[in-house]
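Overview (structure and organization)
Here are the chains, one letter per residue:
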Amino acid sequence: MELYQLKTFVAIAKEGSLTRAAERVFTSAPAVSAQLKALEDELGVKLFDRTPRGMVPTEAGHSLLDEAERTLASAMRMRSAADQLRGAAQGVVRFGTVVDPVSLKLGEVLVTLAERHPQVTLQLKQGLSFETLAGVQRGDLDCAYVLSDSEQSEGLELRRLGVVDLAVVLPLPVARAHPDLSLDELVNLPWVGTPTSCMLRVHLDKLFASAGREYQQGRTADGESAIRSMVASGMGAGLMRLDQAEQGERNGEFAIWNGWRSHTWLCWIATVDGKRAVSVDAVRSAVLEAWAH
């Protein structure tokens, strides 16, 4: 029995699809199918049923899934312990980042890593905050920057790095026509929203709730740069970081509505200490050092 077979077993159980499992373990669907068959032959039990809903674990599959995950976690701890004995931090760290250009201080992090841990390489993957958080929880990412209102996250280390202020922006024709726009009038405007996997959407929902309304999804942008462009084009009001809103207002792209402010936090997340590689701890130290000043 090989560890990669157990990783494939867990991936199929999590994804419910050979194709998606193959993407998760960076191989082909036929290879995943072959690894599953080899594992089933060795264990002497059927692990999955093929159904119209996808790959569903059998009773035996459910029973053995926890054991497979514990075995993989033990292997990771052993590898980490060996790294610590060598005093070595090396390998690729899969680092998730938010899509929009929040000041992440990645340059400082990269310089520190290059100086102190030249054998650690960051593999950056951009995404919306909730998707990135789920990626760390699934084990698809080793650590990440996310926007979050939470002070903690179950099973993860979460460190707040800095506050991110938020503001409402209006197309210039709307702002000029309604200089004293009320909250009730604001929520009746066309809006450029974000997907539910974006932290900005949480605050947009809260804004509408404060007016006793529920936000109805309409025009949608998957990032702040798209929101900025769509609001500037007059497609609707939008929510964005205050620093970006102020920059856009200075450039004459749109106007800030001063009747509302909110904030969230830029955070660093990773699996808890003892369940991660030495290389991730090296990234953690570089991130915290960059944000300490």
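First, a word on scope: everything that follows refers to the structure included in this document. Once a new chain begins, its residue numbering starts again from 1 and follows that chain's sequence as written. Under the rules for a predicted model, residues below a pLDDT of 70 receive no local features and side-chain atom pairs below 80 are neither given nor counted, while totals for whole chains, interfaces and linings still include all residues. Heavy atoms throughout the structure, all of them, feed into the side-chain values; hydrogens and water do not.

1. A closer look at the packing of helix α1 (residues 3–15) against helix α3 (residues 29–43)
For helices, the axis comes from a line fit to the C-alpha atoms of the stretch in contact; other axes are also lines fit to C-alpha atoms, and the angle between any two N-to-C directions lies between 0 and 180 degrees. By definition, any uninterrupted DSSP run of H or I lasting at least four residues is a helix, any uninterrupted run of E lasting at least two residues is a strand, and each is numbered from the N terminus. Look at α1 against α3: their axes get within 9 Å of each other, and the N-to-C directions meet at 110 degrees. Taken together, α1 and α3 sit at an angle that is classed as roughly perpendicular. Every residue of α3 that contacts α1 at Y4, Q5, L6, T8, F9 and I12 is listed here: V32, Q35, L36, A38, L39 and E42. Angles are sorted into four bins: roughly parallel if under 35 degrees, roughly antiparallel if over 145, roughly perpendicular if 65 to 115, and oblique for all others. Here a residue-residue contact requires only that any non-hydrogen atoms of the pair lie within 4.5 Å.

2. Notes on the pattern of salt bridges
Throughout this description, the term salt bridge denotes a Lys or Arg side-chain nitrogen within 4 Å of a carboxyl oxygen of Asp or Glu. Counted under the stated rule, the structure contains 17 salt bridges. The structure contains a network of salt bridges with shared partners spanning E15, R20, R24, R138 and D140.

3. Digging into the state of the cysteines
When the sulfur atoms of two cysteines come within 2.5 Å, that pair is taken as a disulfide. This structure, assessed with the given rule, holds zero disulfides. Note on C198: no disulfide assigned, nearest cysteine sulfur contributed by C267 at a separation of 14 Å.

4. Concerning the sheet that holds strand β4 (residues 120–127)
One bridge is not enough; two strands pair if DSSP finds at least two bridges between them. Ordered by their spatial adjacency, six strands build an open sheet running β4-β3-β5-β10-β6-β9, and the pairing between neighbours is mixed. One side of each edge strand has no neighbouring strand; the edge strands of this open sheet are β4 and β9 (238–241). Pairwise comparison of adjacent strand axes, ignoring direction, gives a mean angle of 25 degrees for this sheet. Across two bridges, strand β3 (residues 91–98) lies against strand β5 (residues 143–148) in parallel orientation. For G96, the partnering residue across the bridge sits in β5 and is A144. In this fold helix α10 (residues 224–232) packs onto β6 (156–170) and β9, with an angle of close to 130 degrees to the strand it touches most, β9.

5. Some points on the layout of surface pockets
Of the grid points, spaced at 1 Å and generated over the protein atoms alone, those admitting a 1.4 Å probe that cannot get out make up cavities, while open sets with protein on both sides within 12 Å along at least five of seven lines make up pockets; any residue with an atom within 4 Å of a point is treated as lining. Grid points are joined across faces, edges and corners, and a volume is the space filled by probe spheres set on the points. For the second largest pocket, the calculated volume is near 160 Å³. Along the walls of the second largest pocket sit 11 residues, with V163, V164, D165, R241 and D243 positioned nearest its centre. For the lining of the second largest pocket, the leading source of residues is β6, giving four residues. Nonpolar residues are Ala, Val, Leu, Ile, Met, Phe, Trp, Tyr, Cys and Pro. Charged residues are Asp, Glu, Lys and Arg, and all others, Gly as well, are polar. By residue class, the composition of the lining of the second largest pocket is six nonpolar, two polar and three charged.

6. Some points on the nonpolar core
Joining through side-chain atoms within 4.5 Å is the link that ties buried Ala, Val, Leu, Ile, Met, Phe, Trp, Tyr and Cys residues into a set, and such a set is a nonpolar core. Exposure classes here rest on a 1.4 Å probe applied to the protein chains alone. A residue is buried below 20% of its type maximum, exposed above 50%, and partly exposed in between. Core analysis: the largest hydrophobic core is formed by 61 residues, its most contacted members being Y145, W191, W268 and V283. Residues contacting V283, with those up to four places away along its chain left out, are V93, F95, L113, V120, L122, C143 and W268.

7. Quick look at the environment of R70
With respect to the helices, strands and loops of the structure, R70 is situated in helix α4 (residues 59–86). Judged by its relative accessible area of 47%, R70 is partly exposed. Between the C-alpha atom of R70 and that of W257, which follows or precedes it by 187 residues, the distance is 52 Å. Each polar contact in these results corresponds to two N or O atoms within 3.5 Å; when the atoms are within protein, one needs to be able to donate a hydrogen and the other to accept it, and residues that are neighboring in sequence are counted only if both atoms are side-chain atoms. There is a polar contact of 2.7 Å between the side chain of R70 and the side chain of E67.

8. A word on empty space enclosed by the protein
As enumerated under the stated definition, the model contains one cavity of 30 Å³ or more in all. Of the pockets and cavities examined, the largest cavity occupies roughly 130 Å³. Forming the boundary of the largest cavity are 14 residues, of which V98, D100, L147, C198 and L200 lie nearest the centre. Residues of the lining of the largest cavity, tallied by class, amount to nine nonpolar, two polar and three charged.

9. Regarding the pairing of β6
A regular strand places its side chains so that they alternate between the two faces of the sheet. The buried fraction of β6 is high, at 11 of 15 residues. Pairing geometry for β6 and strand β10 (residues 255–271), over 13 bridges, is antiparallel. Its bridge partner lying in β10, L170 is registered against A255. Two elements, β6 and β9, share four bridges in a ladder whose sense is antiparallel. Bridging from a neighbouring strand, A167 pairs with M240 of β9.

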